[in-house]
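# Coordinates in review
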Amino acid sequence: MTDRGGASLLQRLVKAVINRSSVAEVVKTIPTGPATIPYPHLDTRAQALGFALCEKRLLAEIEHALDTARALNDLKPRVLRFVVPWIVLPTRATNGIAEDTEGQGPHRGDMQVVVEWLVAAGALRPLTEFERDELVRAEETHRMAQDSWKTLFEWKPAEYLEVFDRGVTRDAWEVLPAVMLEVYPTLVSSGTAWSTLKGPGAHP
């Protein structure tokens, strides 16, 4: 059975379902997670899921923010002309998601939404251009002496070797521990350097 335009009843029903699904998809969606601050309103459920996955992976990087800084500050001979603060590398987190999902997971744009949300909260801030340039210079210096680089890092977990990837290194953000601990009080129970800090949820 067809209507005057030639479309079958089934075709019109399918079109109606698709239209309703599209409308439902663009309704503002709020991600959920462990943060104490309000989550952003996103346009689609897919974006909310992407945000949640990126937040989870970035939080795993944030747990080791001091370790990453120490790995850089402990380099011998010292090549950096500044003391690296607690830092997080969002691109490294994004690359990890890509490996786990064989490229089917959230992308850099999704991770950037998480980063900007934490920047707005005061928990992250960008390194200066000088500091980013210094990290890249350190990367290049150590790539020219890979044997000694491997020796320097052989006692460290394998994931810290990736700190000297140019794209990863340049996308470095300073972690503000006091504010980050307010956003994620559960960090004090992570078994990392966060456990020694005082803040909401800290052990008495």
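Bear in mind the structure is a predicted one, so any value in this text is a computation, not a measurement.

Summing up its helical and strand segments, the chain has 9 helices and 3 strands in all. Moving toward the C terminus, one meets the helices and strands of the chain in the order α-α-α-β-α-α-β-α-α-α-β-α. Across the chain, the fraction of contacts at a sequence separation of at least 24, relative to all contacts at a separation of at least 6, is 62%. A total of about 11,700 Å² of accessible surface is found on the chain, and carbon and sulfur atoms cover 58% of it.

Another aspect to go through is the side chain of glutamate 174. Along the chain, glutamate 174 falls in strand β3 (residues 173–175). In this structure, glutamate 174 is in contact with Pro85, Trp86, Ile87, Ala123, Leu124, Arg125 and Leu127, ignoring residues within four places of it in sequence.

Mapping cysteine 54 onto the fold places it in helix α2 (residues 45–63). Overall, the relative accessible area of 1% leaves cysteine 54 in the buried class. Residues cysteine 54 and histidine 107 lie 53 residues apart in sequence; the distance between their C-alpha atoms is 8.6 Å. Ignoring sequence-local partners within four residues, the contact set of cysteine 54 consists of Ile97, Pro106, His107, Asp110, Met111 and Val114.

The next point concerns the sheet that holds strand β1 (residues 87–88). Two pairing modes exist for strands in a sheet, parallel and antiparallel, and in both the strands are linked by backbone hydrogen bonds. Reading across the sheet, the 3 strands line up as β1-β3-β2 and stay open at both edges, with antiparallel pairing between neighbours. Either end of the sheet is taken by a strand with one partner, and the two such strands are β1 and β2 (124–126).

Moving on: helix α4 (residues 90–101). If you check α4, its first and last C-alpha atoms are 17 Å apart, about what 12 residues at 1.5 Å a residue would give, namely 16 Å. Those residues of α4 not exposed but buried are Pro90, Thr91, Arg92, Ala93, Thr94, Gly96 and Ile97. For α4, the elements touching its buried residues are α2, α3 (65–73), β1, α5 (108–120), α8 (166–170) and β3. After α4 finishes, the residue glutamate 102 shows a positive phi value of roughly 55°.

We now examine the packing of α4 against α5. Any two packed helices are characterised by the angle at which their axes cross and by the distance between the axes. Running from N to C, α4 and α5 point in directions that differ by 135°, and their axes come no closer than 10 Å. Taken together, α4 and α5 sit at an angle that is classed as oblique. With respect to the hand of their crossing, α4 and α5 are arranged in right-handed fashion. Contacts between α4 and α5 involve Pro90, Thr91, Ala93, Thr94 and Ile97 from the first element and Arg108, Met111 and Val115 from the second. Of the residues belonging to the contact of α4 with α5, the class tally is 5 nonpolar, 2 polar and 1 charged.

The full count for this structure, using the stated rule, is 6 salt bridges. Between glutamate 134 and arginine 81 there is a salt bridge, with its nearest N and O atoms 2.7 Å apart. Placement of the pair is glutamate 134 in helix α6 (residues 129–143) and arginine 81 in the loop between α3 and β1, with a sequence separation of 53 residues. Looking at arginine 81, the relative accessible area reads 58%, which means it is exposed. Arginine 170 is paired through a salt bridge with aspartate 133; the nearest N and O atoms lie 3.0 Å apart. Of this pair, arginine 170 sits in helix α8 while aspartate 133 sits in helix α6; the two residues are 37 residues apart in sequence, bridging distant segments of the chain.

Looking now at the packing of aromatic side chains. When we look at a pair of aromatic rings, we describe it by the centre distance and by the angle of the planes. Under the criterion given, the structure shown has 5 aromatic pairs. When the ring of phenylalanine 51 is compared with that of tryptophan 117, the centres are 5.3 Å apart and the planes differ by 70°; the resulting orientation is edge-to-face. Taken together, the positions of phenylalanine 51 in helix α2 and tryptophan 117 in helix α5 put the pair 66 residues apart, joining distant regions of the chain. Of the two residues, phenylalanine 51 and tryptophan 117, both sit in the buried class. Relative to tryptophan 194, the ring of tryptophan 86 lies with its centre 4.8 Å away and its plane at 80°, an arrangement referred to as edge-to-face. Placement of tryptophan 86 in the loop between α3 and β1 and of tryptophan 194 in the segment after α9 (177–183) is noted, with a sequence separation of 108 residues between them.

Core analysis: the largest hydrophobic core is formed by 32 residues, its most contacted members being Leu58, Ile62, Leu118, Met180 and Tyr184. At the level of elements, α2, α3, α4, α5, β3 and α9 are the ones that each hand at least two residues to this core. Among the elements that take part in this core, α2 stands out by supplying 6 residues, more than any other. In this structure tyrosine 184 touches Pro34, Ala35, Glu55, Leu59, Trp117 and Leu118, once residues within four positions along its chain are discounted. Counting residues in hydrophobic clusters, the runner-up holds 14 residues, among them Ala69, Leu75, Leu89 and Ala172.

What counts and how
Residues numbered from 1 in each chain as written. Predicted model: local features only at pLDDT ≥ 70, side-chain atom pairs only at ≥ 80, totals over all residues. Heavy atoms only, no water. Helix = DSSP H or I, 4+ residues; strand = E, 2+ residues; numbered from the N terminus. Contact = heavy atoms within 4.5 Å. Areas by Shrake-Rupley, 256 points an atom, 1.4 Å probe, with all protein chains shown as cover. Buried < 20%, exposed > 50% of the residue type's maximum accessible area, 1.4 Å probe, protein only. Pairing = 2+ DSSP bridges. Expected span 1.5 Å × (residues − 1). Axes fitted to C-alpha atoms, helices over the stretch in contact; angles between N-to-C directions. Parallel < 35°, antiparallel > 145°, perpendicular 65-115°, else oblique. Left-handed = near helix turned anticlockwise from the far one by under 90°. Nonpolar A, V, L, I, M, F, W, Y, C, P; charged D, E, K, R; others polar. Salt bridge = Lys/Arg side-chain N within 4 Å of Asp/Glu carboxyl O. Phe/Tyr/Trp six-rings, centres within 6.5 Å; stacked < 30°, edge-to-face > 60°. Core = buried A, V, L, I, M, F, W, Y, C linked by side-chain atoms within 4.5 Å.

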